[in-house]
Amino acid sequence: MTTTQLIKQIHKKKSFLCIGLDVDLNKIPKHLSNEDDPIFSFNKAIIDATHHLCVAYKPNTAFYEAYGIKGWQALEKTINYLNENHPEIYTIADAKRGDIGNTSTMYAKAFFEDLGFDSVTVAPYMGKDSVEPFLAFEDKHTILLALTSNQGAFDFQTKTVDGLELYKQVLKTSKSWKNSENLMYVVGATKAEFLGDIRKIIPDSFLLVPGVGAQGGNLQEVCKYGMNDSIGLLINSSRGIIYASQDIDFSKAAAQKAKELQEQMVLELNRRSL
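Residues numbered from 1 in each chain as written. Predicted model: local features only at pLDDT ≥ 70, side-chain atom pairs only at ≥ 80, totals over all residues. Heavy atoms only, no water.

1. Describing the side chain of Gln262
Here comes step 1: Relative to the assigned elements, Gln262 resides in helix H12 (residues 250-271).
Here comes step 2: From its side chain, Gln262 meets the backbone oxygen of Lys14 in a polar contact 3.1 Å long.
Here comes step 3: Not counting residues within four places of it along the chain, the set of residues in contact with Gln262 comprises Lys13, Lys14, Ser15 and Leu53. (Helix = DSSP H or I, 4+ residues; strand = E, 2+ residues; numbered from the N terminus. Polar contact = N/O pair within 3.5 Å; in protein donor to acceptor, adjacent residues only side chain to side chain. Contact = heavy atoms within 4.5 Å.)

Set out below in structure tokens:
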């Protein structure tokens, strides 16, 4: 999916909501344990109930890898279900990969060609030769970790190097990489006060913003400092939506939580006449 197509979906749905499909078998409704594939059954129910309210889904691959081959098969079924039934939905493999060039090429093939994701999250620590193999794929996006929402982000990301915070070094340097127009960036919602400076460096790029909901991020603050003329935001909520209920009506409860966020997004779009 191209950026233009994503923007069209945002305007059509009046939503820039991304729903994280982070499936923990200890948290899903008990009645699903009788299913042949409880992870996929859970995901399918969530997707069926919320696809009209969001523009993207983001499975965190750790929640599938933890269950071995069955988990990976559930991930494959989930992405196939999305691509076959909702091709207008943008898909993100939250895998946080990053390795030397030939290994990165294989990671990129796994997520872009085999599984058919639109994008994948990538760590920038090893530099351009670990990221450019992902950027080489046409109409695919690489979502670079820039400033994350966890407390440990302050260990390195905000440290000053040659007079500039490290996360700003990452942003500035990444713009020089080949096919950098295929880059998006992860910026945590709990770091909303940093978004003004970030937008000075990458005014036109899309930002994937986790941390709204269970982690305490504020949607209005993120929009105030992070939204650009093309919206430029994908706001992710995972636990706050998918685990809204553990009862048999869990998908209905998830849809209600998604709708609450989507309605807030409508207000933000109207406020900025976008």
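2. Considering the packing of aromatic side chains
The geometry of an aromatic ring pair is captured by two quantities: the separation of the ring centres and the angle between the planes.
Here comes step 1: Within the structure shown, the criterion is met by seven aromatic pairs.
Here comes step 2: Members of the aromatic cluster, connected to one another through ring pairs, are Phe42, Tyr243 and Phe250. (Phe/Tyr/Trp six-rings, centres within 6.5 Å; stacked < 30°, edge-to-face > 60°.)

3. As for the sheet that holds strand E3 (residues 90-97)
Here comes step 1: Pairing within the closed barrel is parallel, and its eight strands lie in the order E1-E2-E3-E4-E5-E8-E9-E10. Between one strand and the next, the sheet's axes are offset by a mean angle of 30°, whatever the strand orientation.
Here comes step 2: In this structure, strand E9 (residues 207-209) lies alongside strand E10 (residues 233-237), joined through three bridges in parallel fashion. Following the sheet pairing, Leu208 is matched in E10 by Leu234.
Here comes step 3: Packed on one face of the sheet, helix H6 (residues 128-135) meets E3, strand E4 (119-122), strand E5 (141-147) and strand E8 (183-187) and runs near 145° to E5. (Pairing = 2+ DSSP bridges. Axes fitted to C-alpha atoms, helices over the stretch in contact; angles between N-to-C directions.)

4. Comments concerning the side chain of Lys168
Here comes step 1: With respect to the secondary-structure elements, Lys168 resides in helix H8 (residues 166-174).
Here comes step 2: Note on Lys168: relative accessible area 12%, which makes it buried.
Here comes step 3: Setting aside anything within four residues of it in sequence, one finds Lys168 in contact with Asp197 and Ile201. (Buried < 20%, exposed > 50% of the residue type's maximum accessible area, 1.4 Å probe, protein only.)

5. Structural notes on helix H4 (residues 68-85)
Here comes step 1: Compared with an ideal rise of 1.5 Å per residue, which puts 18 residues at 26 Å, H4 spans 26 Å between its outermost C-alpha atoms and is within 8% of the ideal.
Here comes step 2: Buried residues along H4 sit against helix H2 (38-50), strand E2 (56-58), helix H3 (62-65) and E3. (Expected span 1.5 Å × (residues − 1).)

6. Overview of the state of the cysteines
Here comes step 1: For the coordinates displayed, the defined rule picks out zero disulfides.
Here comes step 2: Free of any disulfide, Cys18 has its nearest cysteine sulfur in Cys54, 7.5 Å distant.
Here comes step 3: Residue class for Cys54 comes out buried when judged on its relative accessible area of 0%. (Disulfide = S-S within 2.5 Å.)

7. Things to note about unusual backbone geometry
Here comes step 1: A positive phi angle, near 65°, is found at Asn179, a position not held by glycine.
Here comes step 2: If you trace the backbone, Asn179 turns up in the loop between H8 and E8.
Here comes step 3: For Asn179, a relative accessible area of 25% corresponds to the partly exposed category.
Here comes step 4: Even without being glycine, Ile231 reaches a positive phi, approximately 75°.

8. Structural notes on the pattern of salt bridges
Here comes step 1: Under the criterion given, the structure shown has 13 salt bridges.
Here comes step 2: Between Lys168 and Asp197 there is a salt bridge whose closest N-O contact spans 3.3 Å. With Lys168 in helix H8 and Asp197 in helix H9 (residues 195-201), this residue pair connects regions lying 29 residues apart in the sequence.
Here comes step 3: A single salt-bridge network, built from bridges that share partners, covers Glu165, Lys168, Asp197 and Lys200. (Salt bridge = Lys/Arg side-chain N within 4 Å of Asp/Glu carboxyl O.)

9. Let's talk about the environment of Lys168
Here comes step 1: In the structure, Lys168 is positioned 29 residues away from Asp197 in sequence and 8.5 Å away in space, judged by C-alpha atoms.
Here comes step 2: Looking at Lys168, its side chain comes within polar contact range of the side chain of Asp197, at 3.3 Å.

10. Comments concerning the pairing of E10
Here comes step 1: Of all the five residues making up E10, five are buried; the element is thus mostly covered by neighbouring parts of the structure.
Here comes step 2: Here strand E1 (residues 17-20) pairs with E10 via three bridges, running parallel. Each bridged residue has a counterpart across the sheet, and for Leu17 the counterpart in E10 is Ile235.

11. Let's talk about the packing of helix H10 (residues 219-226) against H12
Here comes step 1: The contact between H10 and H12 brings their axes to 11 Å, and the two run at 35°. You can see that H10 and H12 cross each other, and the crossing is right-handed. Contacts between H10 and H12 involve Leu219, Gln220 and Cys223 from the first element and Leu261, Gln264, Met265 and Glu268 from the second.
Here comes step 2: Broken down by class, the residue content of the contact of H10 with H12 amounts to four nonpolar, two polar and one charged. (Left-handed = near helix turned anticlockwise from the far one by under 90°. Nonpolar A, V, L, I, M, F, W, Y, C, P; charged D, E, K, R; others polar.)

12. Thoughts on H10
Here comes step 1: Of all the residues in H10, the buried ones are Leu219, Val222, Cys223 and Gly226. Buried positions in H10, seen along its axis, are confined to an arc of 95° and lie on one side of it.
Here comes step 2: Looking at the packing, one finds that the buried side of H10 touches H9, E9, E10 and H12.
Here comes step 3: A distance of 3.0 Å separates the backbone nitrogen of Gln220 from a side-chain oxygen at the start of H10, and that oxygen is part of Asn218. (Arc of directions from axis to C-beta.)

These results come straight from atomic positions and should not be treated as a statement about function.
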